[in-house]
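Secondary and tertiary structure notes
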Amino acid sequence: MNVEINLNDPFNNKGTAFDNSEREKFGLVGKMPSIVLTLEEQVELEYLKIQKLSDAYHKSLYLQNLYRSNCTLYFALIRHYIEQLLPIIYTPTIAENVIRFSDNYFGNCEAMYLDSRYPEKIEEAIINVTKNMDTLDLMVITDGEGILGIGDWGINGVEISIGKSRVYTVAAGIDPRRILPVIIDNGTNRKELLGAPSYLGKKETRTQGETYLKFIDKFVEVANHLYPNVLFHWEDFGRDNAQTILDRYKDKVVTFNDDIQGTGVTVVAAVNGALALKKESYKEQMFVIFGAGTAGIGIAEQITNDMIVQGLSKRAAKERIFMVDKNGVVTKENYLTEGQKNFARNESKNFKGLESLNQIIDEIKPSFLIGASGQKDAFEEKVVESMLKYHEHPAIFPLSNPSRLSEANAKNILHWSKGKALVVTGSPSDPVIINGVKHTIGQANNALFYPGLGLGIVASKATKVTDRMLSVAAKTGTNINKPDKAGDSLLPEIMDLRRCSLSVASAVFEAAIKDGVTNYQYQDIEKQINKCVWKACYSNE
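Residues numbered from 1 in each chain as written. Predicted model: local features only at pLDDT ≥ 70, side-chain atom pairs only at ≥ 80, totals over all residues. Heavy atoms only, no water.

1. Structural notes on the packing of aromatic side chains
- The final tally for this structure, using the stated rule, is 18 aromatic pairs.
- An angle of 15° between the planes, with centres 6.1 Å apart, marks the rings of F232 and W234 as stacked. W234 matches F232 in its accessibility class, with the two residues each being buried.
- By the ring-pair criterion, three or more aromatic residues cluster together here, those being F219, F232, W234, F237 and Y249.
- The lysine or arginine in question, K121, covers the ring of Y118, its NZ or CZ lying 4.7 Å from the ring centre.
- Over the face of the ring belonging to F343 we find K318, whose NZ or CZ atom lies 5.2 Å from the ring centre. (Phe/Tyr/Trp six-rings, centres within 6.5 Å; stacked < 30°, edge-to-face > 60°. Buried < 20%, exposed > 50% of the residue type's maximum accessible area, 1.4 Å probe, protein only. Lys NZ or Arg CZ within 6 Å of the ring centre and 35° of its normal.)

2. Remarks on the packing of helix α4 (residues 71-80) against helix α8 (residues 158-172)
- As a packed pair, α4 and α8 sit with axes 10 Å apart at the nearest point and diverge in direction by 65°. The angle between α4 and α8 places the two elements in the roughly perpendicular class. Handedness of the α4/α8 crossing: right-handed. Residues Y74, F75, I78 and R79 of α4 lie in contact with α8, whose contacting residues are R166, T169 and V170.
- Residue classes in the contact of α4 with α8 are distributed as 4 nonpolar, 1 polar and 2 charged. (Axes fitted to C-alpha atoms, helices over the stretch in contact; angles between N-to-C directions. Helix = DSSP H or I, 4+ residues; strand = E, 2+ residues; numbered from the N terminus. Parallel < 35°, antiparallel > 145°, perpendicular 65-115°, else oblique. Left-handed = near helix turned anticlockwise from the far one by under 90°. Contact = heavy atoms within 4.5 Å. Nonpolar A, V, L, I, M, F, W, Y, C, P; charged D, E, K, R; others polar.)

3. Thoughts on the sheet that holds strand β1 (residues 112-115)
- Within the open sheet, the 5 strands sit side by side as β1-β3-β2-β4-β5. Their pairing is parallel. At either end of the open sheet lies a strand with only one pairing partner, and these are β1 and β5 (255-257). Going across the sheet, the axis of each strand differs from the next one's by a mean of 20°, ignoring polarity.
- Where helix α7 (residues 122-130) meets the sheet, it contacts β1, β2 (138-142) and β3 (179-185), and its direction lies at approximately 170° from that of β1.
- Running over the sheet, helix α10 (residues 209-226) touches β1, β2, β3 and β4 (231-234) and is turned about 150° from β4. (Pairing = 2+ DSSP bridges.)

4. Quick look at the pattern of salt bridges
- Overall, the coordinates contain 28 salt bridges when judged by the stated rule.
- D143 is the salt-bridge partner of R206, the closest N and O atoms lying 3.6 Å from each other. With R206 in the loop between α9 (191-194) and α10 and D143 in the loop between β2 and α8, this pair connects stretches of sequence that are 63 residues apart. Each member of the pair, R206 together with D143, is buried.
- Residue D377 is joined to K376 by a salt bridge in which the shortest nitrogen-to-oxygen separation is 4.0 Å.
- The network of salt bridges with shared partners includes D115, R117, K202 and E204. (Salt bridge = Lys/Arg side-chain N within 4 Å of Asp/Glu carboxyl O.)

5. Thoughts on the nonpolar core
- Core analysis: the largest hydrophobic core is formed by 102 residues, its most contacted members being L63, I303, F397 and I457.
- Aside from chain neighbours lying at most four places away, what touches F397 is V267, A270, V271, F368, L369, I370, G371, F379, L422, V423, V424 and L490.
- In this structure, I126, A223, F232 and I260 belong to the second largest nonpolar core, which totals 31 residues. (Core = buried A, V, L, I, M, F, W, Y, C linked by side-chain atoms within 4.5 Å.)

6. Points about helix α3 (residues 56-69)
- Here α3 contains 14 residues, and its C-alpha end-to-end distance of 20 Å stays within 8% of the 20 Å for a straight helix at 1.5 Å per residue.
- All of the buried residues along α3 are Y57, S60, L63, Q64, L66 and Y67.
- Looking at the packing, one finds that the buried side of α3 touches α2 (39-51), α4, α5 (82-89), α6 (94-99) and α8.
- Near the N-terminus of α3, the side chain that reaches the backbone nitrogen of Y57, with its oxygen 3.1 Å away, is that of D55. (Expected span 1.5 Å × (residues − 1). Polar contact = N/O pair within 3.5 Å; in protein donor to acceptor, adjacent residues only side chain to side chain.)

As far as function goes, none of this settles anything; it's purely spatial.
Below you can see the structure in the form of structure tokens.
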């Protein structure tokens, strides 16, 4: 008697890779073409199909369908063609997935959907969604208020949680069956969604303040009770909630915010790469961070943390960082979020008189100009020229995503600076040749660091995410890349994603031991990490 297998189960389906004996055993004779392919042959055929599709968005839809059909093939394909396909499943294409989610929804159920009106249903929802899971290592949670550079997209933000979850597996090998994407439907303030018939979220403006935070409290309480070791990964919350939620729980549960800490770690790695190339230290640097939202504050926090680790006092570190928003330098007289308060300047310096970015640069003379504003072309030619007046090799990082919101593109910055600027971008950039020197542009892609950070936390069963763990994650990226000559990338390349993730995980695990937040010892590191790494291969391979 045949033992039937469910071809709709993406973790057991092998498609045309079922050999003839398996087709007999599992009752599959007649249910698929007669050809038998290896996983490697399937990967090549799928890639050929993807190449024929017209644009990145439709490629992403094709890959989503493949994921729901055959997870092993999906992850094997992404891993093999990581440079070509990571931008399709993650930044920058994921922005389009978010915008068009409700229009193209067809019952996909990879995520958990929560409604902030019903905190009493949280436990039921978690139990329903996880009942077929062996355990749960981490949750990737968003409420869709602060998506990338495109703002509030409500329940459509579920695509961010799904995309980030898959990158955990692609980059660090965390078992996809032990990751749960979560979307909290807290309404939306985007008018076009509130009036759109196709929008699938609740058509109410967002609940704010303590009412919403009490829902988050309940969610954390229930999830941590059901899965005491789970890692809470917060993603794309609005700037009024992101820092508040992180501060509220960072000493109570295992948690980090990717927009604040993950982005900060990635930028610190790029900063360390620039310092290595310039052969300078933090003591010689001044930073202007253009954009004082969640990402900008996260960058400032992690640069401060790294400077402190490198030996500067907290006061000396903060004196080197200037936050800039649409009103100019952030001062104590401005409206401030909780995160901005830590970096606000005294008005006595007369920063309000500095109306343009050029004036601010002339006053501060920064060696680093970091963009997290979403203001397209804000780093124009005269801004680059101003940076060059004070430093031979200024670091200019236009990091806003997607590309259409970037402060500048790498090619223009390098041409305007005659190849002297050190550039990192938020989206992928082609190499640029200036005076015969090929400049490889590092991408400040959180995927280089947050998956390894998550793997190190999960493998070590850390009880807290410490500053040391974040600092060593950034330092590991610099050690892998080791830029030492003009044109070198300041960050690891996407081809090194798995190696970078595993190295970060080991460093984070070691930091957890040093900080006393794990019961494991140094000799356990490799074994525990290997236990957590899932491999995209079929069961008979």
